[in-house]
Amino acid sequence: MENLLNPSKTPNLFIPKTHLFKLSFLHSNFNPQPHSSFNRRPLSITITCKVKTSQGRKNDGKNISKKIVLTDSAPELSNEEIKAKPKGGGKAWGVIKKFPKRVLAILSNLPLAIGEMFTVAGLMALGTAIDQGESPEYYFQKYPEENPIFGFFTWRWVLTLGFDHMFSSPVFLGTLILLGTSLMACTYTTQIPLVKVARRWSFLQSADSIRKQEFSDTLPQASVSDLGVILMGAGYEVFLKGPSLYAFKGLAGRFAPIGVHLAMLLIMAGGTLSATGSFRGSVTVPQGLNFVMGDVLGPTGFLSTPTEAFNTEVHVNKFYMDYYDSGEVSQFHTDLSLFDMNGKEVMRKTLSVNDPLRYGGITIYQTDWSFSALQILKDGEGPFNLAMAPLTINGDKKLFGTFLPVGDTDSSNVKGISMLARDLQSIVLYDKQGKFAGVRRPNSKLPIEIDGTKIVIVDAIGSSGLDLKTDPGVPAVYAGFGALMLTTCISYLSHAQIWALQDGTTVIVGGKTNRAKAEFPDEMNRLLDQVPEIVESSISKKPDNIGG
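Everything numeric in this text was worked out from a predicted model, so none of it was measured. (Residues numbered from 1 in each chain as written. Predicted model: local features only at pLDDT ≥ 70, side-chain atom pairs only at ≥ 80, totals over all residues. Heavy atoms only, no water.)

Comments concerning the overall build of the protein chain
Along the backbone of the protein chain there are twelve helices and 23 strands. The buried share of the protein chain, taken over its 548 residues, is 33%. The long-range share in the protein chain, meaning contacts at least 24 apart out of those at least 6 apart in sequence, stands at 56%. Here the protein chain has roughly 35000 Å² of accessible surface; of this, 57% comes from carbon and sulfur atoms. (Helix = DSSP H or I, 4+ residues; strand = E, 2+ residues; numbered from the N terminus. Buried < 20%, exposed > 50% of the residue type's maximum accessible area, 1.4 Å probe, protein only. Contact = heavy atoms within 4.5 Å. Areas by Shrake-Rupley, 256 points an atom, 1.4 Å probe, with all protein chains shown as cover.)

Quick look at the structure:
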């Protein structure tokens, strides 16, 4: 003992107390045979010793205790470290913790999402078939209880479920919200984890794992570094770690499904905003009259909020039409001026069909026309404005008429001259007996005498049919469709992954792709053919010639 402790540096060192254990005792507690985790017991050894030195230190006589724990398993927790498990509510707490995952699993179910999409499509088709925004009396007549459609569909279904305003009804909006929730759940539970996995650099260290890929090959006398250079030239992202290689390309294709879901959510959000936050209205204004935008526009949903532009006054300066050579109407135009609250003209434009006017988020469309009045001279007096009434309207075929009394207007049997017009370019006149008297064009200044009365057609005053609307969801819908087209094209990009392992002078290569599986082996063979072969060369050593 003294030789081991080097007595020159620690003289008079002695250990008065020593606890010795037989080796067989230690072996019995440290049997290397595998044990069950329930049979493991830690071995505790306590060593107490008294150390003295010749210098007589202050710790002389004190016992120094050390506790050594030898075990092949983790030590048990002390009583203070053990947390009390909930006795009564443990199962309930587990159910609560699992509830969000179960809800996400249900919402991200593909058949459920497909069913929701078909439901939305069916409701949209139904909203197209049912006239929207009509009065209740209209639906009473169109869908009577005495003759229900399909034996059950009556006006009660339309008004109770809100099918008269389908795209802002609770049924449609609820289904749309459910579909949006399913898309978000699918993105969170499926698409985002797939992208995270695709972005990881996953090196395969086993040749068998590489050979199990969809494509595999072996390159004798090759270098994994040369393979990496070839793959980089083909557009792959290459990573090297020792003898292992990992490469991928087309990662954007993995992001595309997320983009498709976000685009669909944007389209649905924009459509919902359009249905619940818009204003719409229609007006037929004779030439020369005014109207205020806010008096025409009406809200379509609970999110509709008027703007400052609603106080704008619109003046119809002129209405006129263009005609084909056959005499049919080809186009009609309205010259409009917009005035602010101070009477200042802020905008002027001549709009026509498919060429609307836009101001302050409000769009004014040219949609229809009518015949307002006929301006005439009677026996040189006037002009007089005779109101034109619609007689028959069948699509584009319209007929308007007016009546000019002749003689005693206080008589119970008033007779006069009848005037009929199909458009603004010609007027057909009939006498008191209803016989044809002639045709005159407005502004022709050509008089016609009927029953002793001389008449001149001065002008035909038309009315402009305008549709006004605000649609705050249009930018979101357009952006959503643009993103949907872009991400749909990107989703067709293949995400290819390649692994390689250097085994001596041999390179084992394997790879897989999620799309274009038929073309992938051809591409891989083309790339592997470009990998240079390593040729061993021996340099012969020649003896040095020493010249004298």
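Moving on from the coordinates now.
Some thoughts on the pattern of salt bridges
Tallied over the full model, the rule gives eight salt bridges. Taking the shortest distance from any N to any O, the salt bridge between Glu145 and Arg156 comes out at 2.2 Å. Residue Glu145 is located in the loop between helix H4 (136-142) and helix H5 (155-160), and its partner Arg156 is located in helix H5; the two are separated by eleven residues in the primary sequence. Overall, Glu145 belongs to the partly exposed group, its relative accessible area being 38%. Arg211 is the salt-bridge partner of Asp208, the closest N and O atoms lying 3.8 Å from each other. Separated by three residues within a single helix, Asp208 and Arg211 lie in helix H7 (residues 207-211), roughly one turn from each other. (Salt bridge = Lys/Arg side-chain N within 4 Å of Asp/Glu carboxyl O.)

Brief notes about the sheet that holds strand E23 (residues 506-513)
Read across the open sheet, the five strands follow the order E3-E23-E22-E5-E4; overall the sheet is antiparallel. Single-partner strands in this sheet number two, and they are strand E3 (215-219) and strand E4 (237-241). Taking each pair of neighbouring strands and ignoring which way they run, the sheet shows an average axis angle of 15°. Contacts from helix H8 (residues 224-233) reach E4, strand E5 (244-249), strand E22 (496-503) and E23, with the element oriented near 165° to E4. Packed onto the sheet, helix H12 (residues 520-528) meets E3, E5, E22 and E23 and runs at close to 15° relative to E3. (Pairing = 2+ DSSP bridges. Axes fitted to C-alpha atoms, helices over the stretch in contact; angles between N-to-C directions.)

Examining the UniProt feature "transmembrane region" (unreviewed entry) in the protein chain
The UniProt entry lists residues 103-130, 171-190 and 251-273 under the feature "transmembrane region" (unreviewed entry), expressed in the numbering used here. Structurally, residues 103-130 is divided into 89% helix and 0% strand, and its ends, taken at the C-alpha atoms, are 35 Å apart. Summarising residues 251-273: 96% helix, 0% strand, and an end-to-end C-alpha distance of 34 Å. (UniProt positions renumbered as here; feature names shortened; annotations may be inferred.)

Quick notes on the pairing of strand E14 (residues 381-387)
Looking along a regular strand, one sees side chains alternate from face to face of the sheet. Here strand E13 (residues 362-378) pairs with E14 via five bridges, running antiparallel. Looking across to E14, one finds that Ala373 is bridged to Ala387. Remark: two residues form the turn of the hairpin made by E13 and E14, two consecutive strands paired antiparallel; Asp379 in that turn has positive phi of roughly 55°.

Notes on the packing of aromatic side chains
One pass over the full model with this rule turns up 17 aromatic pairs. On the numbers, 6.5 Å between centres and 25° between planes, the contact of Phe153 with Trp157 is stacked. Looking at Trp157, the relative accessible area reads 38%, which means it is partly exposed. Among the aromatic residues, ring-to-ring pairing joins Tyr138, Tyr139, Tyr143, Phe152, Phe153 and Trp157 into one connected group. Lying across the ring of Trp369, Lys398 places its NZ or CZ 4.7 Å from the centre. (Phe/Tyr/Trp six-rings, centres within 6.5 Å; stacked < 30°, edge-to-face > 60°. Lys NZ or Arg CZ within 6 Å of the ring centre and 35° of its normal.)

Some remarks on the pairing of strand E19 (residues 436-440)
The pairing of strand E18 (residues 427-430) with E19 spans four bridges and is antiparallel. Counterpart to Val428 in the pairing with E19 is Val439. Connecting E18 to the next strand, E19, in antiparallel fashion are five residues, including Gly434 with a positive phi near 85°.

Concerning the layout of surface pockets
Where empty space is left can be seen by rolling a probe of water-molecule size over the atoms. Taken as a whole, the largest pocket spans an internal volume of roughly 850 Å³. Around the largest pocket, the lining is made up of 28 residues, and of these Met124, Phe167, Phe172, Gly271 and Ala275 lie nearest the centre. At the level of secondary structure, the elements contributing two or more residues to the lining of the largest pocket comprise helix H3 (110-129), helix H6 (170-199), helix H9 (252-276), strand E6 (279-286) and helix H11 (474-490). At seven residues, the largest contribution of residues to the lining of the largest pocket is made by H9. Looking at the lining of the largest pocket, its residues break down into 16 nonpolar, nine polar and three charged. (1 Å grid on protein atoms, 1.4 Å probe; cavity = no way out; pocket = protein on both sides within 12 Å on 5 of 7 lines; lining within 4 Å. Points joined across faces, edges and corners; volume = space filled by probe spheres on them. Nonpolar A, V, L, I, M, F, W, Y, C, P; charged D, E, K, R; others polar.)

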